[in-house]
Number of protein chains: 8
Amino acid sequence: MKTESKKKQGQEKIAIIAGSKSDIKIVDDTSKTLSLLGLDHDIQFISAHRSPEQLRKFVLTSKVDLFIGIAGLSAQLPGFIASLTSRPVIGVPVDVKLGGLDALLSIVQMPPRVPVACVGVDNGKNAAILAGEILALKYPLLLKKIQDIRK
Amino acid sequence: MKTESKKKQGQEKIAIIAGSKSDIKIVDDTSKTLSLLGLDHDIQFISAHRSPEQLRKFVLTSKVDLFIGIAGLSAQLPGFIASLTSRPVIGVPVDVKLGGLDALLSIVQMPPRVPVACVGVDNGKNAAILAGEILALKYPLLLKKIQDIRK
Amino acid sequence: MKTESKKKQGQEKIAIIAGSKSDIKIVDDTSKTLSLLGLDHDIQFISAHRSPEQLRKFVLTSKVDLFIGIAGLSAQLPGFIASLTSRPVIGVPVDVKLGGLDALLSIVQMPPRVPVACVGVDNGKNAAILAGEILALKYPLLLKKIQDIRK
Amino acid sequence: MKTESKKKQGQEKIAIIAGSKSDIKIVDDTSKTLSLLGLDHDIQFISAHRSPEQLRKFVLTSKVDLFIGIAGLSAQLPGFIASLTSRPVIGVPVDVKLGGLDALLSIVQMPPRVPVACVGVDNGKNAAILAGEILALKYPLLLKKIQDIRK
Amino acid sequence: MKTESKKKQGQEKIAIIAGSKSDIKIVDDTSKTLSLLGLDHDIQFISAHRSPEQLRKFVLTSKVDLFIGIAGLSAQLPGFIASLTSRPVIGVPVDVKLGGLDALLSIVQMPPRVPVACVGVDNGKNAAILAGEILALKYPLLLKKIQDIRK
Amino acid sequence: MKTESKKKQGQEKIAIIAGSKSDIKIVDDTSKTLSLLGLDHDIQFISAHRSPEQLRKFVLTSKVDLFIGIAGLSAQLPGFIASLTSRPVIGVPVDVKLGGLDALLSIVQMPPRVPVACVGVDNGKNAAILAGEILALKYPLLLKKIQDIRK
Amino acid sequence: MKTESKKKQGQEKIAIIAGSKSDIKIVDDTSKTLSLLGLDHDIQFISAHRSPEQLRKFVLTSKVDLFIGIAGLSAQLPGFIASLTSRPVIGVPVDVKLGGLDALLSIVQMPPRVPVACVGVDNGKNAAILAGEILALKYPLLLKKIQDIRK
Amino acid sequence: MKTESKKKQGQEKIAIIAGSKSDIKIVDDTSKTLSLLGLDHDIQFISAHRSPEQLRKFVLTSKVDLFIGIAGLSAQLPGFIASLTSRPVIGVPVDVKLGGLDALLSIVQMPPRVPVACVGVDNGKNAAILAGEILALKYPLLLKKIQDIRK
């Protein structure tokens, strides 16, 4: 459960949290797109199921503006984060079994009052752009970069 | 395709757009929760399929911070909005047929670079709270109200 | 999030935890069958998503031998319990949407090393009997009652 | 988003529009079958989500008799075309994720009054023959060629 | 397996064929919309499975421009018609079991070279409008009526 | 659409009919198991959709005791045979798309009064043994061979 | 687990076995159709899961020509019968949960060498007619009655 | 149907039973994890469908504390065991067809009163850990090993 942080640790606007090292490809897609948007971000591999205490501490002490949770199977990581914070949480379902339908339903079907913003199966790129669109409300200079990347 | 606007038209932070009058229950759930958060909002019933020009004009001229698109079946409304703007778009799949699986997949499986933030089937309440969480990045006073409503 | 406890609080062998008061029918099925087996049990309504701290404290301080988690939609409650304890956790998916397929996949598709024992959709009765079978390894007198009830 | 046109541009009876260059195999199947039927056609790669204005202009100015829309995931391209024209639109779902079930439901479950004629997953050949059958109502000489190809 | 024909029998442009009297509601939706378009049509109730000879004779002797096949379950009627003619066949899946998923897949997943134009589950209205759009290639006066009905 | 017949043509007890040459592997599984049972059989490749007249003639003139229909996608072949005869028809769904779910539902969900005996996806071996079990009612000597093969 | 037998017990050609009294409607559909065919039959309610010994004894001692197993959920009854006999077994999936998809897959997806002849969800009528078609190989006089009922 | 037993035969606490030699990979995952926990176990390959008598005898004479049943397709093995014993039965669905959805539903959707504890598709590791958690109620020294393996 190591931590790969990018420069200026503690000042990132976004944290990517993945449930397993095996989600690395989707993490990379997300990270690269965030970098294209000039968005510093922290990357963590913390399982909601195997390290709940570590995940809980990370979420409660992190200063980021929003979280991106990436997970497969019974993908409870994004919902777990959402249960601990009122900052926006974006969820990315990963296809491990059943075409990713299990992860998709686990992430999107949250109960009333604890939303997760779900994007498509394996679609880390869209999670990054959605993160950029949300942060652009606070940091309007981002808008130009988002529009460039969407072309 | 009439328009029901709330007070201070043109100054709302959020637009709810539903594809059909038959989605009224989900629209009401969303609207009531936004009102509990003190968030003014505009409500529109414009079909992406039957009135694309009207929807296009509305999205391109609207000054809102974010859009909530509510639709059933081949629920292309949230994706249509997302294709025209870089502001965040939240999508709510409505159960009309097949338990809402058609609308869920139509909304969440967006192609790379054009994200929609999808919430659960018929879950307008979560769309409203997610909208509040996103706007709270810009309007921090919202945070207290969100935390109250989540309790 | 009130607590309905049965007699001899603190000495029950089993805790039933449901994510929502709306799961009451399945909770009742489970509770009645446990009572037929003579198994004292505690009943809690604590949402993994809305009251994660309360749920965490309950699981970490409870002295029960096993947990039964009952939840619908993105049914993360049984997995949340399983992430905090090495005592057996039985999960019951509740049909709220999509015939309960979302809850079933959320409960059963747990990642390696954090198992949940999943029973059928809305099948609280089977959760209770499975709990009895498991406890019978420790309390062999139970076996007779289980065999009676299965007839 | 380049344009590959076949001879006699502007006089084709059919336009094939695909949402992404990655749909090229299905585009080729469709195009080859149309060529066997002697049907001139224009081929465009225009995403409904990334280039909605370009797609809109193309549909509104095109003189073709019918459109074939090819797309995967949240396959809104055929429905987008159908929302802008009363000429027939044939939709071909492409298998990108989930066996193509997402694209199939996105294309076929159109709301009342805006039909798309959906064919099977990845079945560009059938889209071409259906196009031929439809045009044969206007150009009866086509019928012989269709019957040859179906043998 | 009786025949309900509308005036000017033998001169209709369209035949609606339903597999069972229990599909009557969808037949009515289709028929009413065709009537709004001023399109004379013949209505038949002939099961592909129980009366294949009768269906075969009807298709081979009918002079209509196109067929609309309406069926549930293993909905082979539209494909059966398509196997006997090169005129366009529109298929409407009816929800009898499994939300209509069985009928949808039975109609849309036709093998190469024998296309059916499938519309959404229970969506007879769209079948009628698609029929109008197709016939408008031959009878351009229809276009105005289609545009009126789509508003 | 050629015919591969085994010795003593016209006296076989069983006809295997496959919708496409691409189903050859499943045809072989079925044929080999029938041969192990000592059951002569005819093998035909006739598409219900592309050669309905040929299939119709074959079924109406064949003297076999039962038919085995093998098909993928919108697998109408077994149901087509069943509509023409009151002899037993066994259907084998082939996985071409969607894991074979389309073929399975197309074959098994037959309307009342026209049954097909469906076996599992790609399970030609079971079709052969079921055929043997059915014929053993008439030819009891088969029973011994079936019991041998099932061991 | 009582037994409702029809006249001439011990001489019936067919046994209907249902897993639960709650399957009574499907049992009735099956029984009525068998009676229309003049086929005497025995009706048993024996659960494969709750009374496996009773079911085993019944199957091993019964003299019938074929079995019809009717069950919902994890519908193991038809497969259980098939594992004990080489006489034909027809399975009818009953819709208790998930539209009957669980029962359908449980019945039809039998492993190689132990076939069950599966009919459609809740389709007891087709099970009866299929039984008639199979027995007609041995008792040709049945054929006329089957043809009457199929009209 | 041979037997591979580990040392001290007859004294194992757990029996792994797989329906087919083709399930060997999942059997190995389960066995290795049990060995890490220091849990002696017996491994059997006995099909519920092809060798029901052998399976029945094994279950009725075995002295183990619990059973782990591993099976694909119409995965009736865990339910078959559960019908014969009141000791806990853990079921592991194996992905042979349809992503393992058939085996998952066959195992988890047991009728009331005959529970199986289902884990995720192909997830033998979780079956082993769940077995350890259950036995730890009787053998508390196991707890330390489970906690080590879960880290």
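Please read all numbers here as calculations on a predicted model, not as lab measurements.

A.B. asks: Account for the relation of the copies chain G and chain F, with residues named and values stated.
C.D. replies: Of the transformation superimposing chain G on chain F, the axial component is 0.0 Å and the angular component is 180°, with the fit at an RMSD of 0.0 Å. The transformation relating the two chain copies, once decomposed into turn and shift, fits a two-fold axis. A share of 100% of the interface residues of chain G reappears at the interface of chain F, consistent with the copies meeting face to face through the same patch.

A.B. asks: Describe in detail the pairing of strand β4 (residues 66–72) of chain A, supporting the description with residues and values.
C.D. replies: Residue and element names in this part refer to chain A. Of all seven residues that make up β4, seven are buried, and the element is covered over most of its length. Here β4 shows no split at all, with Leu66, Ile68, Ile70 and Gly72 on one side and Phe67, Gly69 and Ala71 on the other all buried. Summarising the sheet, strand β2 (residues 14–18) and β4 pair through five bridges and their orientation is parallel. Counted as the bridge partner of Ala15 is Phe67 from β4. In this structure, β4 lies alongside strand β5 (residues 89–94), joined through six bridges in parallel fashion. Each residue of the ladder has a partner; that of Ile70, found in β5, is Val92. Handedness of the β4-helix α3 (residues 77–84)-β5 crossover: right-handed.

A.B. asks: Could you give an account of the packing of helix α5 (residues 124–135) of chain A against helix α6 (residues 142–150) of chain A, with specific residues and numbers?
C.D. replies: Residue and element names in this part refer to chain A. Closest axis-to-axis distance for the α5/α6 pair is 9 Å, and the angle between their directions is 150°. The angle between the axes of α5 and α6 places the two elements in the roughly antiparallel class. For the pair α5 and α6, the sense of crossing is left-handed. In this structure, α5 contributes Ile129, Gly132, Glu133 and Leu135 to the contact, and α6 contributes Leu142, Ile146, Ile149 and Arg150. Taken together, the residues of the contact of α5 with α6 sort by class into five nonpolar, one polar and two charged.

A.B. asks: Quick rundown of the confidence of the model for chain A? Include the residues and the values.
C.D. replies: All names here are of chain A. Mean pLDDT over chain A: 93, with 93% of residues reaching 70 or higher. Contacts from residues 1–7, a stretch scored under 50 in pLDDT, to residues over four places away or in other chains number 23 contacts. What the predictor reports for the complex is a pTM of 0.95 with an ipTM of 0.94.

Here is what the cut-offs are and how they apply
- Residues numbered from 1 in each chain as written.
- Chains lettered and ligands numbered in written order.
- Predicted model: local features only at pLDDT ≥ 70, side-chain atom pairs only at ≥ 80, totals over all residues.
- Heavy atoms only, no water.
- Least-squares fit on C-alpha atoms with pLDDT ≥ 70 in both.
- Contact = heavy atoms within 4.5 Å.
- Buried < 20%, exposed > 50% of the residue type's maximum accessible area, 1.4 Å probe, protein only.
- Helix = DSSP H or I, 4+ residues; strand = E, 2+ residues; numbered from the N terminus.
- Pairing = 2+ DSSP bridges.
- Right-handed = clockwise from strand over helix to strand, strands pointing away.
- Axes fitted to C-alpha atoms, helices over the stretch in contact; angles between N-to-C directions.
- Parallel < 35°, antiparallel > 145°, perpendicular 65-115°, else oblique.
- Left-handed = near helix turned anticlockwise from the far one by under 90°.
- Nonpolar A, V, L, I, M, F, W, Y, C, P; charged D, E, K, R; others polar.
- pLDDT = per-residue confidence, 0-100.

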